[in-house]
Amino acid sequence: MTIRIRDAVEGDVEGIARVHVQGWRESYKDFLRPEALSGLSVEERMRMWQGAFAQPDPQAKLLVAETASGEIVGFARGGPVRGENGGLLGTEAEIFAIYLLDRVKRRGIGRTLMQGVLDHLDQHGFRSVGLWVLKDNLPARRFYEALGGQPGPEQSFDLRGQMVVEVAYRFELKSQR
Ligand SMILES: CC(C)(COP(=O)(O)OP(=O)(O)OC[C@H]1O[C@@H](n2cnc3c(N)ncnc32)[C@H](O)[C@@H]1OP(=O)(O)O)[C@@H](O)C(=O)NCCC(=O)NCCS
C-alpha cells in the first residue's frame, strides 16, 4: 500500500475526524472504559478540526497520511505550546495529536509524520517540543522513546468519569538559535 504524507487542507476535516475517532477506539480499547470511547463523535471532532482551519496559524503544522485512493489513514498536528509557558510541559512547542488506523501502523508512517511536524517547528525557531501521552499507552510511549523523546512529569485528570494518568515527553530540536 502506497501512503503519501502531505499538508492537510480544509476538505480533509471529515477524514481527519474519522481517523481521530476510530484511532481512539482501536488504540485505547485496552485501557479506557467503553463509556469513554462510546461517546466519541465524528461530527463533534469535525467541528473541532474545522476550528483549526478557521484560525490558521503559520507556526502550526497539520499533516495527513493518505492512501493512493485518497483515504486518510493518519494525521499529526503540532504548534506553539498551549497555556502560559507551556504549563507543566515547559516546552516552546507541542505535539497536539498523532493518530493512525491500526491497519497502517508499524510501517514508519508515524515516524514520517512526527518528523515532518518536528522539522516544521524546528524551522520556525522552536527549541523544545512536548506532548502528553496516556501512561498506559505503552506502544505510543515506545514510539516517542524510539524518536528520542525523554519522559517527564505526570498529571492525572478525569476522562468522562475515569481517572487517567498522562506522562509528558520532551524533544530537543537540533537547531540552536
Ligand atoms: C504511536 C503511533 C503514531 C506510531 O506510529 P507507527 O507508524 O505505528 O510507528 P513507526 O512504524 O513509525 O515506528 C517507529 C518506531 O517506534 C517504535 N514503535 C512504534 N510502535 C511500537 C510499538 N507498538 N511497540 C514498540 N515500539 C514501537 C519502534 O522503535 C519503531 O521502529 P521499528 O518499527 O523500526 O522497530 C501509532 O501507533 C498510533 O497512531 N497509535 C495510536 C494513537 C496514539 O496512541 N497516539 C498517541 C497519542 S499521545
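Anything mentioned here points back to the structure above.
Parameters and conventions
Residues numbered from 1 in each chain as written. Predicted model: local features only at pLDDT ≥ 70, side-chain atom pairs only at ≥ 80, totals over all residues. Heavy atoms only, no water. Core = buried A, V, L, I, M, F, W, Y, C linked by side-chain atoms within 4.5 Å. Buried < 20%, exposed > 50% of the residue type's maximum accessible area, 1.4 Å probe, protein only. Contact = heavy atoms within 4.5 Å. Pairing = 2+ DSSP bridges. Helix = DSSP H or I, 4+ residues; strand = E, 2+ residues; numbered from the N terminus. Axes fitted to C-alpha atoms, helices over the stretch in contact; angles between N-to-C directions. Near = heavy atom within 4 Å. Polar contact = N/O pair within 3.5 Å; in protein donor to acceptor, adjacent residues only side chain to side chain. Areas by Shrake-Rupley, 256 points an atom, 1.4 Å probe, with all protein chains shown as cover. 1 Å grid on protein atoms, 1.4 Å probe; cavity = no way out; pocket = protein on both sides within 12 Å on 5 of 7 lines; lining within 4 Å. Sits in = over half its atoms within 2 Å of the grid points. Nonpolar A, V, L, I, M, F, W, Y, C, P; charged D, E, K, R; others polar. Points joined across faces, edges and corners; volume = space filled by probe spheres on them.

Engineer: Honestly, the nonpolar core in this entry has me stumped. Any pointers?
Structural biologist: For soluble globular proteins, the rule of thumb is that nonpolar side chains tend to be buried together. If you look at the biggest cluster of nonpolar residues, it comprises 50 residues, and the most contacted ones within it are Leu32, Phe75, Met114, Tyr144 and Phe171. Each residue touching Leu32, except ones within four places of it in the same chain, is listed here: Trp24, Leu37, Leu134, Leu159, Gln162 and Val164.

Engineer: In this structure, what is going on with the sheet that holds strand S1 (residues 3-7)? I would like to understand it.
Structural biologist: Within a sheet, adjacent strands bond to each other through the backbone by hydrogen bonds, running parallel or antiparallel. Overall, mixed pairing links the seven strands, which are arranged S1-S2-S3-S4-S5-S7-S6 in an open sheet. Strand pairing shows two members of the sheet lacking a second neighbour, S1 and strand S6 (150-159), which therefore form its edges. The average undirected angle you get between the axes of adjacent strands in this sheet is 25°. The pairing of S6 with strand S7 (residues 162-172) spans eight bridges and is classified as antiparallel. Bridge pairing links Leu159 to Gln162 in S7. Sitting on the sheet, helix H1 (residues 13-28) is in contact with strand S2 (61-67), strand S3 (72-80), strand S4 (93-100), strand S5 (128-134) and S6, with an inclination near 100° to S3. Along the sheet face, helix H4 (residues 109-123) touches S1, S2, S3, S4, S5 and S7 and points at about 160° away from the line of S4.

Engineer: Honestly, the environment of Phe157 in this entry has me stumped. Any pointers?
Structural biologist: Of note, Phe157 is situated in strand S6. Given a relative accessible area of 30%, Phe157 falls into the partly exposed group. Linking Phe157 and His120, residues 37 residues apart in sequence, is a C-alpha distance of 30 Å. Non-local contacts of Phe157, meaning those with residues more than four positions away in its chain, are made with Gln162, Met163, Val164 and Glu166.

Engineer: How should the site of the ligand be read in this particular structure?
Structural biologist: Taken together, 21 residues form the shell around the ligand, and within it Leu100, Arg106, Gly108, Gly110 and Asn137 come nearest. Gly110 is positioned with one of its backbone polar atoms (N or O) 2.7 Å from an oxygen atom of the ligand. Contact distances for the ligand include 2.9 Å between an oxygen atom and a backbone N or O atom of Arg111. Contact with the protein chains removes 78% of the 920 Å² of surface that the ligand exposes when unbound. Judged by its atoms lying within 2 Å of the grid points, the ligand is housed in the largest pocket. Ranked by the residues each element gives to the shell around the ligand, the list is headed by helix H5 (residues 138-146), at six residues. Residues belonging to the shell around the ligand are distributed by class as follows: twelve nonpolar, four polar and five charged.

Engineer: Would you mind showing me how to read the layout of surface pockets here?
Structural biologist: Where empty space is left becomes clear once a probe the size of a water molecule has been rolled over the atoms. Estimated volume of the largest pocket: approximately 1,300 Å³. Taken together, 45 residues make up the lining of the largest pocket; nearest its centre are Tyr28, Ile98, Tyr99, Ala140 and Tyr144. For the lining of the largest pocket, the secondary structure elements donating two or more residues are H1, helix H3 (42-54), S4, H4, S5, H5 and S6. In terms of residue count, S4 provides more of the lining of the largest pocket than any other element does, seven residues in total. The residue makeup of the lining of the largest pocket, split by class, is 25 nonpolar, seven polar and 13 charged. In this structure, the second largest pocket occupies an estimated 230 Å³ of space. Forming the boundary of the second largest pocket are Asp7, Ala8, Ala52, Phe53, Gln55, Pro56, Asp57, Ala60, Lys61, Leu62 and Arg77. Counting only elements with at least two residues in the lining of the second largest pocket, the list comes to H3 and S2. Looking at side-chain class alone, the lining of the second largest pocket contains six nonpolar, one polar and four charged residues.

Function-wise, these values are silent; they only describe arrangement.
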